[in-house]
Each structure stands twice: as structure tokens, then as C-alpha cells.
Amino acid sequence: MSHDQKYLHSVIQMFAVQGTCQSVAPYGTGHINDTYLINIAEGGAVTPYILQRINHNIFKNPPLLMENILRVTSHVRQKLSAISGANPDRESLTVIPTKDGSPLLHDDQGNYWRMYVFISNACTYDICATARQAYETASAFGRFQSLLSDLPGGRLHDTIPWFHHTPRRFKTLEEAVAKDRHNRCREAQREIDFCLEHKELASALTDLLESGKMPERISHNDSKINNVMMDCDGGRGICVIDLDTVMSGSCLYDFGDMVRTAARTMDEDERDLDKVTLNIQLFAALARGYLENARAFLTPLEVENMVTAGKVITFTIGIRFLTDYLMGDVYFKIHRPGHNLDRARVQFKLLASIEEQEDKMREIVGKCAE
């Protein structure tokens, strides 16, 4: 959704920023929220901020979501402030309150808005191009998990209940297939069959969590490479962003999603499936970066299931894309007919590539964990 400039300027005026808004422009490539880069001029200086409309059709309770974000960012900033050489202003998001002190604006059109300080001289990438970028992505998320490993105050709110509960995602897929309300099953039959053949994979992580064999931890749950801000000068992964799905779960959800997004070199909606493969060099960089930062708190069972996590999360996202296609494209933003089916096909081809290289991947993890 895009919004007109007059409306956006009226929203900006409700936040506690000083100066005059010079420009407002769409920013980023996210599927869910509407994000804008704004520039505020004051005293000859221009300060950039990020303005976001939270999609309350997806995130049903924005106030609780923002409670999570404030807990997480406050704790991370506190931990960073005690680390020599760390920079909390660049290594953690800073929430800008409204003029009445709220972290969230609920406007008269029913929309929910928030604002962050924009991290300057930093950028994001949609596709991982180098082993260095893979390493920095994994380092950032491993460090993020480590900083939150002692977060006080109990469980975070579930902003999207059962978000990475793959068995439930699979059940929703089966229901969509049974109803076939948009007559799309015929076009997606090969992908449906692939899912049915891999049904046992759906419970590989949830069984370990629910049995208590693997501990519940705080995880980002959307650990794509473009959710890490990279320093433009040194290339270091400096700040984890897009915290809407930070919840209690398995830390392996994050590693699995990094495998899915940062160990491939093609677009998420690539139509030429011959180009879709897991890059083993990028995976090795991911494993090294993640374990260097997270190994101290991981259990042996968690390390043992890192490769499994890559399979499970790739499968899970593929299920979600396929389900959304069958249900009429109601969740993910699409830019062409069949877009979600193309996305699902990429995930399933990537899963097949992981399965082909699984032994080598496990060997790499073992060496990095020594």
C-alpha cells in the first residue's frame, strides 16, 4: 500500500522529531509492512528516519508487538553499553516516540505507525554475493541471540502465534488443497506432491522443543540477509532490524532461515530453477560466523540440528508461499500472477539442493563447532 504525501506528513508531525520534513520516499523490499525513508531538516542539518506502517492484518496486536521491541532494544542497548568499543546507536534500533510519549501512533484512519532512527552509512542486501556477507550476517544474528540470552521478564508476546510451527503450517496447506477455492491445485500439483513426500520433516524441530529436549530461546524468526544492516565502510554486520517477529522459540529457526536466504545466490522468485542451488562456500561462512558468536550458549543437540534447521525452515517458507498461492495471495505481497507459486518452487528446489549436500554441510558444522 502506498500513501499520499499529505497524509504521510500529517503522520510524521505526530512524532517527537524536531525540524521540517524535506522528503518521504518508499524504502526497502519488505513483503508485509509499508516502510518510508524520511529526511528531517533542522539548523542546516538533515537527519534521516524510518517510518513504518505496521500491517495490523498480519500483526493483530501492534501495542504488544511494540512492547516486545522496546524490551529487546532496551536490553540490547544496555548490554552493548557495557562492551568496550560497541556503539549502541548503530548496533541497535532506536525507537522514536510520539509527542505524547507512546512508541506507537494509532491514527484516525485506523493505521498503526512507528518511527526509528535511520542507521546512516549502512546498507542491506537482498541476495548474498560473497562469503564475507554470509559471515557477517550470521555473526550479527548470533550476536543478537547472545545479547538476548539473559533477557529478564519472562516470555515475549507471540506477535504471530505458531509462526514457525511447521506441522500447523502443513495442516493449513492440506486444508487449502482440500478446499481449492481458487482452482489452483492443478497448476501446483507437483509442488503439493513434493510437500506430501516431505511431511515427516515438518515436525523435526517442533518435536525436540515440545519434548523439552531442546531449550526455548529468543529468536528473530525472520533472519534474512536483508534484515542485517551492513556498515558501508568496513562491511561489518552492525545491526539486526525488522524485529516484529522476535519471539520465544528455537534459536535454530534463525540459523535455518539464514541457510535459506544467505546460502543462495539467486532471487527468491527466480523462474529458472536450474539456477537454484545451495552454495556450500556461503554455507560454510554462515556456520563459522554463527558459531563464533553463539557457540557458548548452544547445547550439543542444537549444534547437531543446525543443518536440519536449514531444511525445515526452507520447507516451512515454501509451504507458506504455496499455501498463500492456493488461498488467493492473501498474505505476501505479489507483483505478478503466480508470484507466490514461483517463490514456493524456489524454496523446494533449494531444499532438494540441501538434501544433496547434507553430509558435507554436517561436516562443516562439526569442524566449526570444535
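Everything discussed here concerns the structure shown above.
Residues numbered from 1 in each chain as written. Predicted model: local features only at pLDDT ≥ 70, side-chain atom pairs only at ≥ 80, totals over all residues. Heavy atoms only, no water.

Colleague: It is not clear to me how the packing of helix α11 (residues 306-326) against helix α13 (residues 358-369) should be interpreted in this structure. Could you clarify?
Modeller: In a packed pair of helices, the relevant descriptors are the angle between the two axes and the axis-to-axis distance. Between α11 and α13, whose axes approach to 9 Å, the crossing angle comes to 135°. By the angle between their directions, the pair α11 and α13 is classed as oblique. Together, Met306, Val307, Thr308 and Lys311 of α11 and Glu358, Met361, Arg362 and Val365 of α13 make up the contact between the two elements. Here the residues of the contact of α11 with α13 sort into 4 nonpolar, 1 polar and 3 charged. (Axes fitted to C-alpha atoms, helices over the stretch in contact; angles between N-to-C directions. Helix = DSSP H or I, 4+ residues; strand = E, 2+ residues; numbered from the N terminus. Parallel < 35°, antiparallel > 145°, perpendicular 65-115°, else oblique. Contact = heavy atoms within 4.5 Å. Nonpolar A, V, L, I, M, F, W, Y, C, P; charged D, E, K, R; others polar.)

Colleague: Before we go on, may I ask you to explain the pairing of strand β10 (residues 237-240) in this structure?
Modeller: One face of the sheet, then the other: side chains in a regular strand alternate in exactly this way. Alignment of strand β9 (residues 228-231) against β10, held across 3 bridges, turns out to be antiparallel. Bridge assignment links Val228 to a residue of β10, and that residue is Val240. The turn linking β9 back onto β10 is made up of 5 residues, and Gly235 within it adopts a positive phi angle of 80°. (Pairing = 2+ DSSP bridges.)

Colleague: Just to check I follow, could you spell out the sheet that holds β10 for this structure?
Modeller: The strands making up a sheet associate through hydrogen bonds between their backbones, and the pairing can be parallel or antiparallel. Across the sheet, 3 strands lie side by side as β7-β9-β10; this open sheet has antiparallel pairing. Here the strands that pair on one side only, and so sit at the sheet edges, are β7 (122-123) and β10. Relative to the sheet, helix α4 (residues 131-147) contacts β9 and β10, its axis offset from that of β10 by approximately 45°.

Colleague: Is there a simple way to explain empty space enclosed by the protein in this structure?
Modeller: Remark: the empty space left among the atoms is shown by a probe the size of a water molecule rolled over them. Applying the stated criterion to the full structure yields 1 cavity of 30 Å³ or more. The volume enclosed by the largest cavity comes to roughly 130 Å³. Lining the largest cavity are 14 residues, with Val76, Glu91, Phe144, Cys239 and Val240 positioned closest to its centre. Taken together, the residues of the lining of the largest cavity sort by class into 10 nonpolar, 2 polar and 2 charged. (1 Å grid on protein atoms, 1.4 Å probe; cavity = no way out; pocket = protein on both sides within 12 Å on 5 of 7 lines; lining within 4 Å. Points joined across faces, edges and corners; volume = space filled by probe spheres on them.)

Colleague: Help me understand the pattern of salt bridges, please; the structure alone is not making it clear to me.
Modeller: Side chains carrying opposite charge are able to pair once their charged atoms draw close together. What the rule picks out here adds up to 27 salt bridges. We note a salt bridge from Arg77 to Asp89, for which the minimum N-O separation is 2.7 Å. Taken together, the positions of Arg77 in helix α2 (residues 62-81) and Asp89 in helix α3 (residues 88-91) put the pair 12 residues apart, joining distant regions of the chain. Owing to a relative accessible area of 23%, Arg77 belongs among the partly exposed residues under this scheme. Accessibility expressed as a relative area gives 48% for Asp89, which makes it partly exposed. Note that Glu292 is salt-bridged to Arg288, the shortest N-O span being 3.7 Å. You can see Glu292 and its partner Arg288 sitting in helix α9 (residues 280-294), 4 residues apart, about one turn around the helix. Residues joined by salt bridges that share partners form a network here, namely Glu187, Arg190, Glu191, Asp269, Arg271, Arg336, Asp342 and Arg345. (Salt bridge = Lys/Arg side-chain N within 4 Å of Asp/Glu carboxyl O. Buried < 20%, exposed > 50% of the residue type's maximum accessible area, 1.4 Å probe, protein only.)

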